[in-house]
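# What the coordinates show
One-letter residues, chain by chain:
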Amino acid sequence: MARPEPGITLVGGGRMGSALAGGWIQSNYDGPIAIIDPQPSSQLTNWERDGKITLNPAPGPATTLVVAVKPQVFDKISDQIRAHVGPDTLVLSIMAGITLDSLARTLGTDRVARAMPNTPGLVGKGMTLFCLPDEASAEDGDYLKALLTPLGDVESPIGEDMISAATAISGCGPAYVFLLAEVMAAAGKAHGLDQDMAMRLAKKTIEGAGALMMESEEAPSKLRENVSSPGGVTKAALDVLMQDTAMPSLMEHAVGAAIKRDRELSGD
């Protein structure tokens, strides 16, 4: 099957859909972008005003159809989505829990794929993973990787049996980091720092630590040890965070809960 020509129809302009569209816009994606959303945000209407997208085009076969709605509403609007699926349409779903088989069966096409980007794609720092059916063409895989690369790094292709665990790490992961900034700042405030200053310190520390981790050839565990002098201030804090019932076990439990919910959405 030939590589699709540039052109994307995106169903769903919520947070993740907007992150995708924002990544394409900022990377000067070479093709028209249409977004279907019954209640477009001010960001979407501004993009339309500036000529960057088209909002709510008439139904018709799309070249590339990206479905970015909540999985709980997929069945309710599947008829509307099918109106944009033609015999040559390549469908990419970023809905958690909706399997390739379910997607193909519901939309009436075998030319489907699943991806899980994350919201840092809005600033080109995302992590996206995707999977394809066994019979998918190499051209479709290459095209999707190119389509997703403007959002950041792409891990592909992975087996669909791995996508729940991978989603729990990278798809959900930004929320874990945002929570870390939130609780770090709250702890600083609780111990006397001004709230705004505490938040600035937390955000910049996470930004800097992430940059250092990506630039360093050392493992995160080694970087942690480098900061932790025996008997020092950091070690005192880590002794609390690394207790058996603290951060390591809480994270494992949290990721397990995310995986369980993803599989519930798929009906497994």
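Everything discussed here concerns the structure shown above.
To keep things clear, this report deals only with the structure shown in the data block. Just so it is clear, the model here is predicted, and its values are computed rather than measured.

How each quantity is defined
- In this numbering scheme, every chain counts its residues from 1 along its sequence in written order.
- Under the rules for a predicted model, residues below a pLDDT of 70 receive no local features and side-chain atom pairs below 80 are neither given nor counted, while totals for whole chains, interfaces and linings still include all residues.
- Calculated side-chain values reflect all of the structure's heavy atoms, with hydrogen atoms and water omitted.
- Pairing between two strands requires that DSSP report at least two bridges joining them.
- Secondary structure elements are defined from DSSP: runs of H or I of at least 4 residues count as helices, runs of E of at least 2 residues count as strands, and each element is numbered from the N terminus.
- For salt bridges, the criterion is a side-chain nitrogen of Lys or Arg within 4 Å of an Asp or Glu carboxyl oxygen.
- Each residue is placed in one exposure class: buried if its accessible area under a 1.4 Å probe, protein chains only, is under 20% of its type's maximum, exposed if it is over 50%, and partly exposed if it falls in between.
- Residues count as neighbours in contact if any of their non-hydrogen atoms are within 4.5 Å of one another.
- Every axis corresponds to a line fitted to the C-alpha atoms, with the helix fit spanning only the stretch in contact, and the corresponding angles, defined between N-to-C directions, vary from 0 to 180 degrees.
- N or O atoms within 3.5 Å of each other form a polar contact, as long as, within protein, one can give a hydrogen and the other can take it, and as long as residues adjacent in sequence are counted only when both atoms are side-chain atoms.
- Patch membership is restricted to residues that have no salt bridge and whose relative accessible area is over 30%. Joining uses 9 Å for like charges and 5 Å for the nonpolar side chains Val, Leu, Ile, Met, Phe, Trp and Tyr.
- The Shrake-Rupley method, run with a 1.4 Å probe sphere, supplies the accessible areas, and residue values consider only the shown protein chains as cover.
- For the purpose of counting charges, residues Lys and Arg are taken to be positive, whereas Asp and Glu are taken to be negative. His and the chain ends are not included.
- The location of each charge is read from NZ of Lys, CZ of Arg, CG of Asp or CD of Glu.
- Joining through side-chain atoms within 4.5 Å is the link that ties buried Ala, Val, Leu, Ile, Met, Phe, Trp, Tyr and Cys residues into a set, and such a set is a nonpolar core.

Bridge count between strand β7 (residues 126-131) and strand β8 (residues 152-155): 4 bridges; the pairing is parallel. Each residue of the ladder has a partner; that of G126, found in β8, is G152.

Take the pattern of salt bridges next. A full pass over the atoms with the stated rule returns 8 salt bridges. The shortest N-O distance in the salt bridge between D50 and R49 comes to 3.2 Å. Overall, the relative accessible area of 43% leaves D50 in the partly exposed class. The exposure class assigned to R49 is exposed, which follows from its relative accessible area of 59%. When the shortest N-O distance is used, the salt bridge between D140 and R111 registers 2.7 Å. With D140 in helix α5 (residues 138-148) and R111 in the loop between α4 (100-107) and β6 (112-116), this pair connects stretches of sequence that are 29 residues apart.

Glancing now at the sheet that holds strand β3 (residues 54-55). For sheets, the rule is that strands pair by backbone hydrogen bonds, running either parallel or antiparallel. Spatially, 8 strands are ordered β3-β2-β1-β4-β5-β6-β7-β8 in an open sheet, and the strand pairing comes out mixed. Each of the sheet's edge strands pairs with one partner strand only, and the pair in question is β3 and β8. Bridge analysis of strand β1 (residues 8-11) against strand β2 (residues 33-36) gives 4 bridges, and the strand direction is parallel. Bridge pairing in β2 links I8 to I33. α4 rests against β5 (90-93), β6 and β7 of the sheet, and its axis sits at about 130 degrees to β6.

Right, let's get into the side chain of T9. The topology assignment puts T9 in strand β1. A relative accessible area of 11% means that T9 is categorised as buried. Discounting chain neighbours no more than four positions away, the residues touching T9 are A34, I36, A62, T64, L65, V66 and H84.

Here T89 lies in the loop between α3 (74-82) and β5. In this structure the side chain of T89 is engaged in a polar contact, spanning 2.6 Å, whose partner is the backbone oxygen of A62.

Let us now look at a negative patch on the surface. Negative charge collects at one region of the surface, where D101, D110, D134 and E135 lie side by side. Along the polypeptide, E135 turns up in the loop between β7 and α5.

A few words now on the nonpolar core. The biggest cluster of nonpolar side chains holds 29 residues, and the ones touching the most others in it are W24 and L144. Put simply, the parts of the chain that give this core at least two residues each are β1, α1 (15-26), β2, α2 (42-49), β5, β6 and α5. The element best represented in this core is α1, accounting for 5 residues. Among residues more than four places away in sequence, those in contact with W24 are I8, Y29, I33, V66, L147 and L151. Counting residues in each nonpolar core, the second largest holds 23 residues, with V11, A62, I158 and A166 among its members.

Here the focus is the environment of M16. Summarising the element assignment, M16 is placed in helix α1. Considered as a pair, M16 and A113 are 97 residues apart in the sequence and their alpha carbons are 17 Å apart. The contacts of M16, once residues within four sequence positions are left out, are I94, P117, N118 and T119.

Read these as geometric descriptors, not functional statements.
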